Amino acid sequence: MKNLILLLIFISYTTSIFFISNWIALLFFILINLILIFAFELNLKRVLINLYKITPIIFITFIFNILFGYFEEAVLISIRLYIVCNITFIFTYKMGTTNILMSLENLFFPLKIFGISPTDLSLIINIAITFIPVIFRELEQTSLALKNKGVKPY
Amino acid sequence: MITIKNLNYKYKTGEFALSDINLEIKGNEFVTIIGKNGSGKSTFSKLLSGLVKFKNGEIKIDNLDLSNKKQELDIRKNIAIVFQNPENQIIFDKVYDDIAFGLKNLGFSKDEIETRIDESLKQVNMLEFKDSYTTELSLGQKQRIAIASSLAINPKVLILDEPTSMLDPSSKKQVYEILKTLKESGITIIYITNFIDEILLGDRTIIFENGKIKKDFYKKDLLSNLEYLKDFDFPGIVSLISRLHSFGINIELEDLSIQELTLKLGELKK
């Protein structure tokens, strides 16, 4: 139950960020993230690496917003994305995949009315998450094997 | 001749994978590299094959400088690597196409490709599978095809990164037989392994520990270096030969089976 509440808080938190256009309110969200990082004693280097990895995607979003909208809007959406990615990292790091999946199973409970098994759904997500690192490992091996076979660039 | 000087390599996390590696490997040498998981041996194989670039240190294979991007094509023509899982190395559904792919990429002529495919398949005793579908092959046969793909480019250096770890005992034996033949052909072989008994295949053994070279010795000195290998599950036959040595019975350390050892002991008794 505790995990389900945490998950609901997390969903509300991340959703609400996208409805806020006030700079001071956004700063408040950043402050909450920082407090959580220090409260949970997260490795700051890992947090920064995580933000660095997501930067290219945010940068593309930033460019698209500049091209089709206003500069201020582009900055705003970039900051929002950084906050969301950061809080997701904190949440997944602290809660763990198993707890998240158990909470999701509870969250999907109403779907039983439509004949959809929440356990099956949770299991599908679990399998998908488990295979992410496997796919990356296989991808690395295959790309090395291709390079070994002289595939460009050489 | 392979020369490695002050080679250092860090993972993306900043952790040292290899530190201060200095090594010289003569041409035609068969070197086995052993170490526990995470000791840096696989990273070393990727650096040595030129597949992963490094910033600190130097690796030279004859006149080839592995850090020089301009020499990439020459590097690929001279160094080949065989990985642990053959499934990742076979790209095409036909054996012929798969071996030809690498050769085409490296710019060999059509006639030369034909000759090299036949020769490499002969070396691994798989010539009759030339037109077979790779999906129909066993894991051991696939690994032999992966070795043939590497041999087809006629490399100066062949690196094998735990090539038998996924194979059954009979497939393992077939790979060992291929290696014994290759050893005689004069190619430099770097064999990375987790299995202690496989160090008997080579002429020289290098033990990796925490990204560093713990010990480097020749096969003839194996018995006097057993203490460095105590962390591994040592094969009974070597321990037995070591005990026999302590009793003054000198049997040369080779890749012996129990039956061969029994015969040798029988001969000594006579």
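Attention here is on the structure that accompanies the text. This one's a predicted model, so the numbers in the text were calculated from it and none came from an experiment.

## Some points on the interface of chain B and chain A
Taken together, the contact between chain B and chain A spans 22 residues of the former and 15 residues of the latter. Regarding the contact of chain B and chain A, the summed buried area is about 1,600 Å², with carbon and sulfur atoms giving 56% of it. The three residues of chain B that bury the most area against chain A are Leu51, Phe83 and Asn88 of chain B, which together make up 32% of that side's buried surface. For the side of chain B that touches chain A, the elements supplying multiple residues, two or more each, are α2 (72-78), β6 (79-82), α3 (86-89), α4 (95-105) and α6 (139-152) of chain B. It is α4 of chain B that contributes the most residues to the side of chain B that touches chain A, four residues altogether. Here the side of chain B that touches chain A is built from residues that sort into 10 nonpolar, eight polar and four charged.

## Some details on the sheet that holds strand β1 (residues 2-10) of chain B
Note on sheets: strands pair through backbone hydrogen bonds, and any given pair is parallel or antiparallel. Residues and elements named next belong to chain B. Pairing is antiparallel in the open sheet, where four strands are placed in the order β2-β1-β4-β5. Where the open sheet ends on each side, the last strands, each with one partner, are β2 (16-25) and β5 (64-65). One ladder, built from two bridges, connects strand β4 (residues 56-61) with β5; its direction is antiparallel. Bridging across to β5, Lys60 finds its partner in Asp65. This element, helix α1 (residues 41-48), spans β1, β2 and β4 of the sheet and lies at about 120 degrees to β1.

## Observations concerning the pairing of strand β7 (residues 157-161) of chain B
All names here are of chain B. The element β7 is extensively covered by neighbouring structure, given that five of its five residues are classed as buried. Neither face of β7 is exposed, since Val157, Ile159 and Asp161 on one face and Leu158 and Leu160 on the opposite face are all buried. With four bridges connecting them, β6 and β7 associate as parallel partners. Following the sheet pairing, Ala80 is matched in β7 by Leu158. The sheet contact formed by β7 and strand β8 (residues 188-193) spans five bridges and is parallel. Of the residues in β8, the one forming a bridge with Asp161 is Ile192. Crossover β7 to β8 through helix α7 (residues 169-185) is right-handed.

## Details of the side chain of Ser120 of chain B
Residues and elements named next belong to chain B. Here Ser120 is to be found in helix α5 (residues 110-123). For Ser120, a relative accessible area of 1% corresponds to the buried category. Contact partners of Ser120, with chain neighbours within four places excluded, come to Ile99, Ala148, Leu151 and Ala152.

## A word on the packing of α4 of chain B against α5 of chain B
All names here are of chain B. For the pair α4 and α5, the least separation of the axes is 10 Å and the interaxial angle reads 120 degrees. One way to sum up the angle between α4 and α5 is to call them oblique. Read as a crossing pair, α4 and α5 show a hand that is right-handed. The residues of α5 that touch α4, namely those facing Val95, Tyr96, Ile99, Ala100, Leu103 and Lys104, are Ile113, Glu114, Arg116, Ile117, Ser120 and Leu121. Split by residue class, the contact of α4 with α5 holds eight nonpolar, one polar and three charged.

## Regarding the packing of helix α4 (residues 71-95) of chain A against helix α5 (residues 97-107) of chain A
Residue and element names in this part refer to chain A. The N-to-C vectors of α4 and α5 enclose an angle of 100 degrees; their axes lie 6 Å apart at closest approach. Between α4 and α5, the crossing angle belongs to the class labelled roughly perpendicular. Contacts between α4 and α5 involve Phe91, Thr92 and Met95 on the former and, on the latter, Thr97, Asn99, Ile100 and Ser103. For the contact of α4 with α5, the residue count by class is three nonpolar, four polar and no charged.

## What about a nonpolar patch on the surface?
Residues and elements named next belong to chain A. A cluster of nonpolar side chains, contributed by Leu27, Ile30, Leu31, Leu34, Ile35, Phe38, Leu44 and Leu48, occupies part of the molecular surface with about 780 Å² of accessible area. Here the nonpolar patch gets six residues from one element, more than from any other, and that element is helix α2 (residues 23-39). The topology assignment puts Leu48 in helix α3 (residues 44-68).

Conventions used here
Counting from 1, residues in each chain are numbered in the order their sequence is written. Numbering of ligands from 1 and lettering of chains from A proceed in the order in which they are written. For a predicted model such as this one, the threshold for reporting local features is a pLDDT of at least 70, and the threshold for listing and counting side-chain atom pairs is 80 or more; totals across whole chains, interfaces and linings nevertheless cover every residue. Note: side-chain values were computed over all heavy atoms of the structure, leaving out hydrogens and water. A contact between two residues is defined here by any heavy atoms of the two lying within 4.5 Å. Note: buried area is the sum, over both parts, of the accessible area (probe 1.4 Å) each one loses when the two are combined. Secondary structure elements are taken from DSSP: a helix is a run of H or I of four residues or more, a strand is a run of E of two residues or more, and numbering for both begins at the N terminus. Any residue that is not Ala, Val, Leu, Ile, Met, Phe, Trp, Tyr, Cys, Pro, Asp, Glu, Lys or Arg is counted as polar, Gly included; the first ten are nonpolar and the last four charged. Here, strands pair whenever DSSP counts at least two bridges between them. Axis geometry follows a simple rule: fit a line to the C-alpha atoms, using only the stretch in contact for helices, then measure angles between N-to-C directions, giving values from 0 to 180 degrees. Per-residue accessibility, obtained with a 1.4 Å probe over protein chains only, is compared with the maximum for each type, and a residue is labelled buried under 20%, exposed over 50%, and partly exposed between these values. Here, the term right-handed applies to a crossover whose path from the first strand over the helix to the second runs clockwise when the strands point away from the viewer. Angle categories are assigned with fixed cut-offs, so that under 35 degrees is roughly parallel, over 145 is roughly antiparallel, 65 to 115 is roughly perpendicular, and the rest are oblique. The crossing is said to be left-handed when, going from far helix to near helix, the turn is anticlockwise and less than a right angle, and right-handed when the turn is clockwise. Patches were defined on residues exceeding 30% relative accessible area and lacking a salt bridge, with like-charge contacts within 9 Å and nonpolar side-chain contacts (Val, Leu, Ile, Met, Phe, Trp, Tyr) within 5 Å. A 1.4 Å probe and the Shrake-Rupley method give the accessible areas. Residues count as covered only by the protein chains that appear here. When a carboxyl oxygen of Asp or Glu lies within 4 Å of a side-chain nitrogen of Lys or Arg, that pair is called a salt bridge.

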